[in-house]
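Residue-level structural notes
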Amino acid sequence: MFMRPTAALAALLLVSAAPLARAADKPTDPQIAHIAYTAGTIDIEAAKQAIKKSRNKEIIAFAKDMERDHAAVNKQALDLVKKLKVTPEDNDTSKALTKAATEERAKLAKLKGAAFDKAYIDNEVAYHKQVDSALETLLIPSASNAELKSLLETGLKIFQGHEQHAEHVAGMMK
């Protein structure tokens, strides 16, 4: 499957980190919270860009769903870390994801019309696949707090639905 360079980089970062879930240096709950929040924020920013640039009603509807859903999950995450009195900890994975997303948004900003729509939705498919994989193989198994683990599991179900929705919209673009 074709993955945009940004998605491939982030997937490599997240998926290659999966063996860490079994190692002594697995991510801590504060790091996991930061990674999960960062991943949601990245998709909110991508959605805002799509809402502003696209004229395709399917792309705009999908982007609005992403903005709403990721904002809701990020709010739940913030509420949880406040409740637990945990400060999310910035880390190399969060920084790499942010850098890659910034580069991807810059590439998308140069595109227009159908080219933008296709690039955006292809990236959304790849991005949701990588986040789903990271949740399943690294973040959920590494989380030690039961409430954080539960929130991540709920997020995984939502994001798997996003992946399917993105694949459906991508299929319509062909």
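In case you missed it, the structure is sitting above this.
The structure contained in this document is the topic of the report that follows. Just so you know, these numbers come straight off a predicted model, no measurement behind them.

So, on to the pattern of salt bridges. In total, this model carries nine salt bridges according to the counting rule given. Here E45 makes a salt bridge to R105, at a shortest N to O gap of 3.1 Å. Here R105 lies in helix α4 (residues 92-109) and E45 lies in helix α2 (residues 29-53), a separation of 60 residues in the sequence. The salt bridge partner of R68 is D69, with a shortest N-O separation of 2.9 Å. On the accessibility criterion, D69 (19% relative accessible area) is buried. One salt-bridge network, held together by shared partners, links D65, R68 and D69.

Its place among the elements puts V73 in helix α3 (residues 57-84). Put simply, V73 and T154 are 81 residues apart on the chain and 9.0 Å apart in space, counted from C-alpha to C-alpha. With near-sequence residues (within four places) excluded, V73 lies in contact with I158 and F159.

In this structure, I32, V131, L135, L139, L148 and L152 are the most contacted members of the largest nonpolar core, which totals 21 residues. Going through the elements one at a time, α2, α3, α4, α5 (113-142) and α6 (146-172) are the ones with two or more residues in this core. Looking at which element gives the most residues to this core, the answer is α5, with six residues. Every residue in contact with L148, bar those within four places of it in the chain, is listed here: D29, I32, L80 and A143.

Attention now moves to the side chain of S94. Tracing the chain through its elements places S94 in helix α4. Owing to a relative accessible area of 0%, S94 belongs among the buried residues under this scheme.

What follows is about the packing of α5 against α6. Contact geometry of α5 with α6 gives a least axis separation of 9 Å together with a crossing angle of 155 degrees. Comparing their axes, α6 and α5 come out roughly antiparallel. Where α5 crosses over α6, the two elements pack in a sense that is left-handed. When grouped by side-chain class, the residues that make up the contact of α5 with α6 number 13 nonpolar, four polar and nine charged.

Thresholds applied
Residues numbered from 1 in each chain as written. Predicted model: local features only at pLDDT ≥ 70, side-chain atom pairs only at ≥ 80, totals over all residues. Heavy atoms only, no water. Salt bridge = Lys/Arg side-chain N within 4 Å of Asp/Glu carboxyl O. Helix = DSSP H or I, 4+ residues; strand = E, 2+ residues; numbered from the N terminus. Buried < 20%, exposed > 50% of the residue type's maximum accessible area, 1.4 Å probe, protein only. Contact = heavy atoms within 4.5 Å. Core = buried A, V, L, I, M, F, W, Y, C linked by side-chain atoms within 4.5 Å. Axes fitted to C-alpha atoms, helices over the stretch in contact; angles between N-to-C directions. Parallel < 35°, antiparallel > 145°, perpendicular 65-115°, else oblique. Left-handed = near helix turned anticlockwise from the far one by under 90°. Nonpolar A, V, L, I, M, F, W, Y, C, P; charged D, E, K, R; others polar.

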